[in-house]
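Listed here are the chains, written in short residue letters.
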Amino acid sequence: MTAPRSPASPRKVLGRLSLPERTFVADALRTETVGGVLLLLAAVAALVWANVPALRHSYEAVGHFHFGPAALGLHLSVAHWAADGLLAVFFFVAGIELKRELVAGDLRDPKAAVLPVVAALCGMAVPALVYTLTNLAGHGSTQGWAVPTATDIAFALAVLAVIGTSLPSALRAFLLTLAVVDDLFAILIIAVFFTDRLNFAALGGAAAGLLVFWLLLRKGVRGWWVYVPLAVVIWALMYNSGVHATIAGVAMGLMLRCTTRDGEEHAPGEHIEHLVRPLSAGLCVPLFALFSAGVVVSGGALRDVFTRPETLGVVLGLVVGKTLGIFGGTWLTARFTRASLSEDLAWADVFAVASLAGIGFTVSLLIGELAFAPNAVLTDEVKAAVLCGSLIAAVCATALLKIRNARYRRLCAEEERDDDHDGVPDVYEQDDPAYHLRMAEIHENKAAEHRRIAAERAAAARHGLQEVAGGAGEEGDRPA
């Protein structure tokens, strides 16, 4: 007679990551954190450059300086090259991240993918709704509905680095996966809603180039001198097609193989991402921020941010919409599925991370430029709103995370503890008999050492008593 099957234990929301996933997340976030700090410095430099009267003219002159082959339709300004060219590298890395999540990460398992996908969708839909309602009530333009829908993972991690908060790996992975899904839908929004003209010849050429790119990958052709020139041609054709050029980057990223084969230590996509991510996070995105975040800040401009419906909608969308959307999506997923929140965390932690996701910088600035391109004044005001909203979200997240920081430090210390010194954290070896044998040997060696020390102390104590006894006898033999 067989024993009855026990019901499957419910999945844990934001539970401990597997060791390979934890290692990947740690490596990815380490680069993003450095890039985020550079991004933060670039944004500050842009604001200073654009607001110091003696430097303002040079900022505008450099940003509007045009170069490139006009015959190929690529005689662009420096700011335009940064937005359409450098950000294509950023979206290329985003495409690789998405592909890896789909074939080897959390999004591979539909049950595990439900939480970040629903949270990300709600984290985009609610800010768009908040923006739209604000502008309908204030009789503003609804064109910017997509501006507050994006999360900037690098900027968010830079805030964590600056405030010194140690988030557990599960929360960091949740934030990273949110950003990956967020980037995917941001790309779709850009492709669908901000393509107003199409050059079908150029689009066909870009599609043919992508097909050649895919065939070369399938044939196993190696060499950057093959792929980099081809990627530049695909990017140029995509730009001239009317579709935003960054779409070329994400399309090529999605084509890379992100699973290993026999004899491979790393998949090609993982290897290329490791090479390109520092370029994206350390150079491309900060340069984009340098030429995009330079808006003139004054008392009147800041007042307009909180009184004009378009800019107020952006601020409320980032600060209120993002927080409520991500937190609500996560809570609803846990409420209506078998998932339950990890016992190491509380819903206050999810709310704090949701507020941190309100930092929408890089992609929000890009969408703001696309949404209000004909109106330079409104474009700058929307950029100022993105900066204000991101700053407010960062301050709110800092306050919420600092309250729980002591708890986070204990969790991180527990995740890092490696008492058997084998390079693997102990929390991942609790079911491994070899780990317990190693720990038993370590404890036995420590016990033997303590026994040796105790014996030496006891011997020293006996020796001391003998000396005291002998001394007392000599003293008694002396004449009175």
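Residues numbered from 1 in each chain as written. Predicted model: local features only at pLDDT ≥ 70, side-chain atom pairs only at ≥ 80, totals over all residues. Heavy atoms only, no water.

As annotated in an unreviewed UniProt entry, the chain carries the name Na(+)/H(+) antiporter NhaA and comes from Streptomyces sp. 900105245. Its UniProt record gives the chain the following Catalytic activity (unreviewed entry) comment, quoted word for word: "Na(+)(in) + 2 H(+)(out) = Na(+)(out) + 2 H(+)(in)". Checking UniProt for the chain, the heading Function (unreviewed entry) contains the comment "Na(+)/H(+) antiporter that extrudes sodium in exchange for external protons." (UniProt positions renumbered as here; feature names shortened; annotations may be inferred.)

Draft legend 1. Structural context of empty space enclosed by the protein. All told, the structure shown has 3 cavities of 30 Å³ or more when counted by the stated rule. A volume near 130 Å³ is recorded for the largest cavity. Around the largest cavity, the lining comprises 14 residues; the ones closest to its centre are Glu32, Phe90, Ile153, Ser280 and Val285. Only α1 (19–51), α3 (78–103), α5 (153–163) and α10 (268–292) provide two or more residues apiece to the lining of the largest cavity. (1 Å grid on protein atoms, 1.4 Å probe; cavity = no way out; pocket = protein on both sides within 12 Å on 5 of 7 lines; lining within 4 Å. Points joined across faces, edges and corners; volume = space filled by probe spheres on them. Helix = DSSP H or I, 4+ residues; strand = E, 2+ residues; numbered from the N terminus.)

Draft legend 2. Highlighting the packing of α3 against helix α9 (residues 246–255). Where α3 contacts α9, the two axes come as close as 7 Å, and the packing angle between them is 25 degrees. The angle between α3 and α9 places the two elements in the roughly parallel class. α3 and α9 meet at a crossing whose hand is right-handed. Where α3 abuts α9, its residues Ala83, Asp84, Leu87, Ala88, Phe91, Phe92, Gly95, Ile96, Leu98 and Lys99 lie against Thr246, Gly249, Val250, Met252, Gly253, Leu254 and Met255. Each residue belonging to the contact of α3 with α9 can be placed in one class, and the counts come to 11 nonpolar, 4 polar and 2 charged. (Axes fitted to C-alpha atoms, helices over the stretch in contact; angles between N-to-C directions. Parallel < 35°, antiparallel > 145°, perpendicular 65-115°, else oblique. Left-handed = near helix turned anticlockwise from the far one by under 90°. Contact = heavy atoms within 4.5 Å. Nonpolar A, V, L, I, M, F, W, Y, C, P; charged D, E, K, R; others polar.)

Draft legend 3. A look at the packing of helix α6 (residues 169–193) against helix α13 (residues 347–356). Their axes nearest at 11 Å, the elements α6 and α13 cross at an angle of 40 degrees. In terms of orientation, α6 and α13 fall into the oblique class. Seen along the crossing, α6 lies across α13 with a hand that is right-handed. Along the contact surface, α6 presents Leu171, Phe174 and Leu175, while α13 presents Asp349, Val353 and Leu356.

Draft legend 4. Broad picture of the layout of surface pockets. Each pocket or cavity is described by its volume, and for the largest pocket that value is around 1300 Å³. At the level of secondary structure, the elements contributing two or more residues to the lining of the largest pocket comprise α3, α7 (200–218), α8 (224–241), α9 and α10. Considering every element that reaches the lining of the largest pocket, the biggest residue donor is α10, with 7 residues. When the residues that make up the lining of the largest pocket are grouped by side-chain class, the tally is 26 nonpolar, 6 polar and 5 charged. Size it by volume and the second largest pocket reaches roughly 1100 Å³. Listed by contribution, the elements that provide at least two residues to the lining of the second largest pocket are α2 (53–63), α3, α10, α14 (362–371) and α15 (376–403).

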